[in-house]
Amino acid sequence: MSKVIVVTSGKGGVGKTTSSAAISAGLASRGHRTVVIDFDVGLRNLDMIMGCERRVVFDFINVIQGDAKLNQALIRDRRLDNLYVLPTSQTRDKDALTQEGVEKVLNELREEFDYIICDSPAGIERGAQLAMYYADEAVVVTNPEVSSVRDSDRMLGLLSSKTARAERGEEDQIKSHLLLTRFDPKRSGDGEMMSVEDVLEILAIPLLGVIPESPAVLRASNVGVPVILNEKSRAATAYEEAVARLDGEDLPMKIEGEKVPGLMSRLFGRSA
Amino acid sequence: MNLFGFTFNRKPKSSAQAKERLQILLAHERGSGPSADFLPLLQRDIVEAIKRYVQVSDDAVGIRMDSIGDVSSLEINIELPVDQKTEAKPVEKKAGEKKAAAKG
Ligand SMILES: Nc1ncnc2c1ncn2[C@@H]1O[C@H](COP(=O)(O)OP(=O)(O)OP(=O)(O)O)[C@@H](O)[C@H]1O
Ligand SMILES: [Mg+2]
C-alpha cells in the first residue's frame, strides 16, 4: 500500500524542503520506491536540494495541464535508483495547481511508489492546502520557537478539517508526526530555547525526531545532496532515525540535549 | 566556539560548488527566459513529424535533459514499434541526441 506523506509547517524557512529531501532519500535507502514532489509552485527549490536542477525538462504543472506525461517529468536520482523527483514549475503561479490535477497525479504515483512525499510551500494558501489534501500522513516541521509552534498548531487544525480524510469523516484520520528541527541542545539546556518536552506538551502529537541545528545542512545544500546521503553528521543520523520511525520501526528516542545539556554546560558552558 | 569537528576539513569548500551551481542555473533561467517552456511544443511537433511516417503513440516519446560541465544535452527517445501490423513489443531506439542551449 502506498502512502502519501505531506511535509508541512505553516511558517516559512523551518526546514520543510531539507526534511523532504532527507526523508525521501532515507526511505529510498531503506529499499522503498519513493518519489518526492515539489508543491512550491513558482519557487522551485527542491531540485537544487536534490541536485537535479539541470535535469528538469517537464514539471508537475506540465503534467497537470496535460503537456507532458508523468513519466516524462519524473527525474530519477543518480545516487539511488528507486528515488524520483517531481519538480515544480518555476514560471507559473499557484493557481496552476488544481485539485483534480493533483488527485490524478497522486493516484498515478500511488500505483508505482511505496512512498509519495509532498514538500509543501509555507503559508496556508492553495499550494499548502493542496499539498496536504490527499495525504495519509503528515510530518509537521517545527522549530522550537513561538511563531513556528503556533503555526504548526494551525496546520494541525487544517490537517484535521480541510483534507480528504477529514472531509470523508473516516475513522482513519491523517496521522501527524512532529519533526522538531534546528534544535540547539545547548540553548535549550540553558533555558534560552524551548525544550523538546515543552513543544510536545503544547502540540501533543507523536514525536518523529529531533534534528539538531547543524552546519552539515548548509554544506549538503551547497553541493545538492540530501543531508542524509552526504557526509556523516548528527543531522544525518537524526534524520535516519526519524525515517526509520516513519517507516514503522520502534526506535527509542535519544533526545540530544534533553540529558546532554548538563554535561555540555559543565564542559563548555562557561567559556561560551 | 565550535572548534570541534570542522577545523580538519581541508576539502574544497562546498560554498564554491554552491556558487557554481547557481551561476549555471541562473544563467539559464535569466537568459532564455522561462527555459524549458518550449519543450512541450517541441515534443508535440516531433511526435507529429514522426507520425507522418510511423505509427507511434504520444507517450512513446521521452525527452531527457542532462548537463555535464558546461554542456547541456537534450536526449530524445522514441519507442518505435518493430512491426506496424503486429502489436509487437516496442523497441527503444535512441533517435537523436541533440545539443541544446549550451551555456556556461
Ligand atoms: N537542521 C538544520 N541546521 C541548520 N540549518 C538548517 C537546518 N534545517 C534547515 N536549515 C536551513 O534553513 C533554511 C531553510 O530550510 P528549508 O529551505 O528546508 O526550509 P523550508 O521550510 O522548506 O522553507 P520554505 O518555507 O521557504 O519552503 C535553509 O537555509 C537550510 O539550510
Ligand atoms: Mg521549501
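Residues numbered from 1 in each chain as written. Chains lettered and ligands numbered in written order. Predicted model: local features only at pLDDT ≥ 70, side-chain atom pairs only at ≥ 80, totals over all residues. Heavy atoms only, no water.

Section: the interface of chain B and chain A
For clarity, the cut-off: Contacts are assigned to residue pairs with any non-hydrogen atoms lying within 4.5 Å of each other. Throughout, the accessible surface (probe 1.4 Å) given up by two parts as they are put together, summed over both, is called the buried area. When a carboxyl oxygen of Asp or Glu is within 4 Å of a side-chain nitrogen of Lys or Arg, the pair counts as a salt bridge. Here a polar contact is recorded for every N or O atom pair within 3.5 Å, except that within protein the pair must consist of a potential hydrogen donor and a potential acceptor, and residues adjacent in sequence are included only if both atoms are side-chain atoms. In this text, helices come from DSSP runs of H or I with a minimum length of four residues, and strands from runs of E with a minimum of two, each type numbered from the N-terminal end. Three categories are distinguished: nonpolar for Ala, Val, Leu, Ile, Met, Phe, Trp, Tyr, Cys and Pro, charged for Asp, Glu, Lys and Arg, and polar for the others, with Gly belonging to the last.
On the side of chain A, 25 residues touch chain B, which itself brings 30 residues to the contact. Together chain B and chain A conceal approximately 2400 Å² of surface at their shared face, both sides included; 49% is due to carbon and sulfur atoms. Summed over the shared surface of chain B and chain A, the number is 1 salt bridge. Residues Glu53(A) and Arg21(B) are paired through a salt bridge, measuring 3.0 Å at the closest nitrogen-oxygen approach. Where chain B meets chain A, there are 6 residue pairs in polar contact (both at pLDDT 80 or more). Elements supplying a minimum of two residues to the side of chain B that touches chain A: helix 1 (14–31), helix 2 (39–51), strand 1 (61–68) and strand 2 (71–80) of chain B. A total of 9 residues in the side of chain B that touches chain A trace back to one element, the largest contributor, which is helix 1 of chain B. Classifying every residue of the side of chain B that touches chain A by side-chain character gives 14 nonpolar, 8 polar and 8 charged.

A short note on the UniProt feature "binding site: ATP" (unreviewed entry) in chain A
Residues and elements named next belong to chain A. As a reminder, the rule being used: UniProt positions are given in the numbering used here, feature names are shortened, and annotations may be inferred rather than shown by experiment. In this analysis a 1.4 Å probe is tested at points of a 1 Å grid over the protein atoms alone, and where it fits but cannot get out there is a cavity; an open set with protein on both sides within 12 Å along at least five of seven lines is a pocket; lining residues have an atom within 4 Å of a point.
The sites that carry the UniProt feature "binding site: ATP" (unreviewed entry) are, in the present numbering, Lys11, Gly12, Gly13, Val14, Gly15, Lys16, Thr17 and Thr18. Within this annotated set, the largest cavity is lined by Thr18. With respect to the element layout, Lys11 can be found in the loop between strand 1 (3–8) and helix 1 (16–29). When sequence neighbours within four positions are dropped, the list of residues in contact with Lys11 reads Lys16, Ala122, Glu145, Ser147, Ser148 and Asp151. Relative to the elements of secondary structure, Gly13 occurs in the loop between strand 1 and helix 1. Beyond its immediate stretch of four places on either side in the chain, Gly13 contacts Asn143 and Arg182.

Observations regarding helix 5 (residues 99–112) of chain A
Residues and elements named next belong to chain A. Condition: Under the convention used throughout, the expected extent of a helix is 1.5 Å for every residue step, that is, one less than its residue count. Note on classification: 1.4 Å probe, protein chains only; a residue is buried when its accessible area is under 20% of the maximum for its type, exposed when over 50%, partly exposed between these limits. Directions drawn from the helix axis to the C-beta atoms are what define this arc.
A rise of 1.5 Å per residue sets the reference length of helix 5, with its 14 residues, at 20 Å; its end C-alpha atoms lie 20 Å apart and thus fit the reference within 8%. What helix 5 keeps buried is the set Gly101, Val102, Val105, Leu106 and Leu109. Viewed end-on, helix 5 has its buried residues packed into an arc of 125°, placing them on one side of the element. Opposite its buried face, helix 5 presents the exposed residues Glu100, Lys104 and Glu111, each directed more than 90 degrees away.

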